[in-house]
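Structure at a glance
These are the residues of each chain, in order.
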Amino acid sequence: MTMNKMAGIKNSSFILYVMLILLSGCATMYAPKNDNITIKTNPEGADVYLGASLLGKTPLTYSFKRETFEQKTLSIRKQGYKNQELFLQRTIEKKALYNLGFIITTFGVTSWGIDAATGALIKYYPDSYLIDLENDNNSSSYKDLNRFQRFRFVVLNLDNLMKDIASGGGEYLRSYYDSRPARVTPDDYQEFVNRVSLQEDLLLSATDPIEFYTGLENI
């Protein structure tokens with residue numbers, strides 16, 4: 001076999017490989033087909049439904065098949081609490097952007113079309129959700145609102161609260177305490193800090209915001 005023929009075969013193989021990539025869609029070839037999504041609730045033990053199908057109880061990690069044109073809406077249900085809907089958010093799969101390299105040809109458009117049809121054009125993001133359930137009893141709406149505000153404060157300021165606990169107090173820990181009900185005298189805050197210090201190891205080893213929040217609430 002001559003050198004020219006060998007070179008021709010190699011060139012043909014390379015062109016065939018490139019055509020395969022273009023006609024398959026970059027994301028379709030290289031991106032995952034599913035995304036693992038974690039759903040946590042406060043309190044735990046809520047049922048998570050997709051349509052009529054029960055996916056499991058919280059805390060739940062579930063593998064969702066990517067769908068470009070289908071909006072996945074989950075229903076979160078727990079006895080004694082109001083049902084909530086959770087819309088899984090989506091973003092563009094970065095590997096689909098490789099098709100931009102072929103946009104000067106019709107193959108780039110074709111690749112995006114294939115990626116969209118297979119669901120590979122998108123991915124579900126964020127990959128975790130934290131939901132504070134609302135009590136179904138209307139008379140407790142104010143209590144629920146106060147609890148939700150504390151819960152939200154803890155989630156948004158988790159790192160700063162942990163730093164305050166490690167250093168024996170601080171403005172974030174004080175703000176959390178001031179949002180709690182049934183405070184009597186200023187001396188109660190110091191008593192609260194003392195009790196927190198007794199639970200310091202447990203609180204600082206918490207693996208998620210719900211665990212940390214529940215530990216604070218129980219003090």
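So, here is what we can say about the structure in this document. Quick caveat, the model's predicted, so the values are computed rather than measured. (Residues numbered from 1 in each chain as written. Predicted model: local features only at pLDDT ≥ 70, side-chain atom pairs only at ≥ 80, totals over all residues. Heavy atoms only, no water.)

A look at unusual backbone geometry
Trans is the prevailing form of peptide bonds, just as negative phi is the prevailing case for residues other than glycine. P43 follows N42 through a cis peptide bond whose omega is 0 degrees. Tracing the chain through its elements places P43 in the loop between β1 (34–42) and β2 (47–50). In this structure, P126 follows Y125 across a cis peptide bond, with omega equal to 10 degrees. In this structure, P126 sits in the loop between β8 (122–124) and β9 (128–132). (Helix = DSSP H or I, 4+ residues; strand = E, 2+ residues; numbered from the N terminus.)

What about the sheet that holds strand β6 (residues 84–87)?
Across the sheet, four strands lie side by side as β3-β2-β5-β6; this open sheet has antiparallel pairing. Pairing within the sheet leaves two strands with one partner each, and these edge strands are β3 (53–57) and β6. For this sheet, the mean angle separating the axes of adjacent strands, direction not counted, is 30 degrees. Alignment of β2 against β3, held across four bridges, turns out to be antiparallel. The partner of Y49 across the bridge, within β3, is L54. (Pairing = 2+ DSSP bridges. Axes fitted to C-alpha atoms, helices over the stretch in contact; angles between N-to-C directions.)

A short note on the environment of I219
With respect to the secondary-structure elements, I219 resides in the segment after α9 (209–217). Overall, the relative accessible area of 18% leaves I219 in the buried class. In the structure, I219 is positioned 27 residues away from F192 in sequence and 7.3 Å away in space, judged by C-alpha atoms. Excluding residues within four positions of it along the chain, I219 makes contact with R180, F192, R195, V196, Q199 and L203. (Buried < 20%, exposed > 50% of the residue type's maximum accessible area, 1.4 Å probe, protein only. Contact = heavy atoms within 4.5 Å.)

Details of the pattern of salt bridges
For the coordinates displayed, the defined rule picks out nine salt bridges. For E67, the salt bridge is made with K65, and the minimal N-O distance between the two is 3.7 Å. Note on E67: relative accessible area 25%, which makes it partly exposed. On the basis of relative accessible area, K65 is assigned to the partly exposed category, the value being 46%. A salt bridge links R174 to D178; the shortest N-O distance between them is 3.1 Å. Of this pair, R174 and D178 both sit in helix α6 (residues 171–178), four residues apart, which is roughly one turn of the helix. On the accessibility criterion, R174 (32% relative accessible area) is partly exposed. (Salt bridge = Lys/Arg side-chain N within 4 Å of Asp/Glu carboxyl O.)

A closer look at α6
Because each turn of an α-helix spans 3.6 residues, side chains separated by three or four positions in sequence point in the same direction. Inspection of α6 places L173, Y176 and Y177 among the buried residues, and these make up the whole buried set. In an axial view of α6, the angular spread of the buried residues amounts to 100 degrees, which keeps them on one side of the axis. (Arc of directions from axis to C-beta.)

A look at the nonpolar core
Membership of the largest hydrophobic core comes to 20 residues, with the highest contact counts inside it found for L173, F192, F212 and L216. Of all the secondary structure elements, the ones that give two or more residues to this core are α4 (141–156), α5 (158–166), α6, α7 (187–198) and α9. Discounting residues that sit within four places of it in the chain, F212 has contacts with V154, L158, L161, M162, I165, L203 and A206. Counting residues in hydrophobic clusters, the runner-up holds 16 residues, among them I37, L74, L88 and Y124. (Core = buried A, V, L, I, M, F, W, Y, C linked by side-chain atoms within 4.5 Å.)

Thoughts on the packing of α5 against α6
Where α5 contacts α6, the two axes come as close as 7 Å, and the packing angle between them is 105 degrees. Between α5 and α6, the crossing angle belongs to the class labelled roughly perpendicular. Facing N160, L161, D164 and I165 of α5, the residues of α6 in contact are E171, Y172, L173 and Y176. (Parallel < 35°, antiparallel > 145°, perpendicular 65-115°, else oblique.)

A short note on the pairing of strand β5 (residues 73–77)
Where β2 meets β5, four bridges bridge the pair, whose relative direction is antiparallel. Considered in β5, the bridge of L50 is made with L74. Note: β5 against β6, four bridges, orientation antiparallel. Counterpart to L74 in the pairing with β6 is L86. Here β5 folds back onto β6, and the loop between the two strands holds six residues, one of which, G80, carries a positive phi near 90 degrees.

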